Amino acid sequence: MKKDFISILDISRDELSELIGTACRLKEERKVGVFPPHLSQKTLGMIFEKSSTRTRISFEVGMYELGGHALFLNPKDMQLGRGEAIKDTARVMSRFVSAIMIRANSHQAIIELAAHGDIPVINGLSDKEHPCQILADIMTIVEQLHRTEKVKVAWVGDGNNVCNSLILSAILTGMEIRIACPAGYQPSDSYIKTAREQGAVIDLGEDPLVAVKDADVVMTDTWVSMGHEEETREREKIFARYQVNKELLAHARPGAIVMHCLPAHRGYEITDDVIDSNQSVVWDQAENRLHVQKALLLRLLA
Ligand code: CP
Ligand code: NVA
């Protein structure tokens, strides 16, 4: 049966640790110029309904380095953008490419694409989840802290797609997630319920100081996710006290690492002196998208 990667829970705990192991090996091999062509003759179709720097480049470079090929597909240039049904697109693409990576406005559309296609579908970000990002985040935490079990991760800001994936990942990693979001911007109840029912420790509140206290990792993301641009002014006011700055970071464990999936809005959710400090691991985090997605592509396609 074909495998999809639409949610971080599409893999098990064991599969996650195997995947991170493969990603670390690929990272080492790449440093010494070793590029085994495991995906020769394989093609990844990449549909982007929203902008991207990291996801697009890392998947495209990743496929190239594995000996395969990636196609960038703008839905505006596809018949999809003129109303061709998702299920018809899924059936046709299944005849041409080996897998689809899609960044979509609607999570449901990704589920529909996967349901009607015969090939693996990867979620490259939806309104609900960003599982590839969380894979890279877990790899970065393992590199930095050499474990995930009981690692205290503070999430400060918007309870968005990345936050939802972080919450679910706690089921697989044993990380303890402490969330501080303003009222009305908290992550979906269903994600918290699912995680707690499967034994994850998820604390939810509104106070950034409480979330960050003694944290090993301080994580944030934009206050204005793609698709919410019209709410920018209002959100900037509501989120003002959710900025990751030196003062807030001083409440975390000394030497705590700072993470951000990027793109960052400097001076808003994170200050220059934090993102550019030696506690920030955001550039490694971005690089790890490449390694972890290559490991994912091998799992789905090799
Ligand atoms: N973090 C992330 O997914 O970045 P892009 O939007 O640039 O792909
Ligand atoms: N939460 C952000 C992540 C961007 C990579 C967004 O959805 O725009």
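Cut-off values and rules
- Residues numbered from 1 in each chain as written.
- Chains lettered and ligands numbered in written order.
- Predicted model: local features only at pLDDT ≥ 70, side-chain atom pairs only at ≥ 80, totals over all residues.
- Heavy atoms only, no water.
- Near = heavy atom within 4 Å.
- Polar contact = N/O pair within 3.5 Å; in protein donor to acceptor, adjacent residues only side chain to side chain.
- Pairing = 2+ DSSP bridges.
- Helix = DSSP H or I, 4+ residues; strand = E, 2+ residues; numbered from the N terminus.
- Axes fitted to C-alpha atoms, helices over the stretch in contact; angles between N-to-C directions.
- Parallel < 35°, antiparallel > 145°, perpendicular 65-115°, else oblique.
- Contact = heavy atoms within 4.5 Å.
- Nonpolar A, V, L, I, M, F, W, Y, C, P; charged D, E, K, R; others polar.
- Phe/Tyr/Trp six-rings, centres within 6.5 Å; stacked < 30°, edge-to-face > 60°.
- Domains from an automatic or database assignment.
- Buried area = accessible area lost by both parts, 1.4 Å probe.
- Salt bridge = Lys/Arg side-chain N within 4 Å of Asp/Glu carboxyl O.
- Buried < 20%, exposed > 50% of the residue type's maximum accessible area, 1.4 Å probe, protein only.

> Which residues make up the site of ligand 2, and what are the values?
All residues in the neighbourhood of ligand 2 are listed as Leu-125, Asn-160, Asn-161, Asp-221, Thr-222, Ser-225, Met-226 and Leu-262. The side chain of Asn-160 places a nitrogen or oxygen atom 3.2 Å from a nitrogen atom of ligand 2. Between Asn-161 and ligand 2, the recorded distance is 2.8 Å, taken from a side-chain N or O atom to an oxygen atom.

> Before we move on, could you go through the sheet that holds strand β9 (residues 257-260) and cite the residues and values that matter?
Pairing is parallel across the open sheet formed by 5 strands, whose spatial order is β7-β6-β5-β8-β9. Looking along the sheet, the strands with just one partner apiece sit at the ends: β7 (202-205) and β9. Neighbour-to-neighbour, the strand axes of the sheet open up by a mean angle of 20°, direction not taken into account. Across 5 bridges, strand β5 (residues 152-156) lies against strand β6 (residues 176-180) in parallel orientation. In the sheet register, Lys-152 faces β6, and the bridge partner there is Glu-176.

> Account for the packing of helix α1 (residues 13-31) against helix α5 (residues 131-145), with residues named and values stated.
Packing of α1 against α5 leaves a shortest axis separation of 10 Å and a crossing angle of 75°. The angle between α1 and α5 places the two elements in the roughly perpendicular class. Within the contact between the two elements, α1 uses Leu-16, Leu-19, Ile-20, Ala-23, Cys-24 and Lys-27 and α5 uses Leu-135, Ile-138, Met-139 and Glu-143. Considering only residue class, the contact of α1 with α5 consists of 8 nonpolar, no polar and 2 charged.

> Please provide a residue-by-residue account of the packing of aromatic side chains, values included.
Both the distance between ring centres and the angle between the ring planes are used here to describe each pair of aromatic rings. This model, assessed by the stated rule, comprises 5 aromatic pairs. Centroid distance Phe-239 to Tyr-242: 6.2 Å. Interplanar angle 70°. Geometry classified as edge-to-face. An aromatic cluster of three or more residues is present, and its members are Tyr-185, Trp-223, Phe-239, Tyr-242 and Tyr-268.

> For the sheet that holds strand β4 (residues 121-123), give the residues involved together with the corresponding values.
As summarised here, the arrangement of the 4 strands in space is β2-β1-β3-β4, forming an open sheet in which the pairing is parallel. A single partner strand is all that each edge strand has here, and the edge strands are β2 (69-73) and β4. For this sheet the average axis-to-axis angle between neighbouring strands, irrespective of direction, equals 20°. Of the strand pairs in this sheet, strand β3 (residues 99-103) and β4 are connected by 3 bridges, and their pairing is parallel. By the bridge assignment, Ile-102 is partnered in β4 with Asn-123. Against the sheet, helix α4 (residues 107-116) touches β3 and β4, its axis set at about 165° to β4.

> An account of the domain arrangement of the protein is requested, with residue identities and associated values reported.
Assigned domains of the protein: these are domain 1 (8-130 + 289-301) and domain 2 (132-285). Averaged C-alpha coordinates put domain 1 and domain 2 at centres separated by 25 Å. The partner domain 2 presents 26 residues to the 29 residues of domain 1 that form the contact. Here domain 1 meets domain 2 over a buried area of about 2,400 Å², counting both sides, of which 66% is carbon and sulfur. The largest contributions to the domain 1 side of the interface with domain 2 come from Ile-8, Arg-13 and His-130, which together make up 27% of the buried area.

> Requested: an account of unusual backbone geometry, with residues and values cited.
Of note, the bond from Leu-262 into Pro-263 is cis; its omega dihedral lies within 30 degrees of zero at 5°. In this fold, Pro-263 is placed in the loop between β9 and α11 (272-275). The residue Lys-150 is not glycine, and still its phi comes out positive at about 65°. Mapped onto the secondary structure, Leu-262 falls in the loop between β9 and α11.

> Could you give an account of the pattern of salt bridges, with specific residues and numbers?
Taken as a whole, this structure holds 19 salt bridges when the rule is applied. With a closest N to O distance of 3.6 Å, Lys-128 and Asp-127 form a salt bridge. Taking relative accessible area as the criterion, Asp-127 reaches 37% and is therefore assigned partly exposed. With its nearest N and O atoms 3.3 Å apart, the salt bridge here joins Glu-197 to Lys-193. With a gap of 4 residues between them, Glu-197 and Lys-193 both fall in helix α7 (residues 189-197), about one helical turn apart. Considered together, Glu-197 and Lys-193 belong to a single accessibility category, that of exposed residues. Three or more residues joined by partner-sharing salt bridges are found here, namely Arg-30, Glu-65 and Lys-294.

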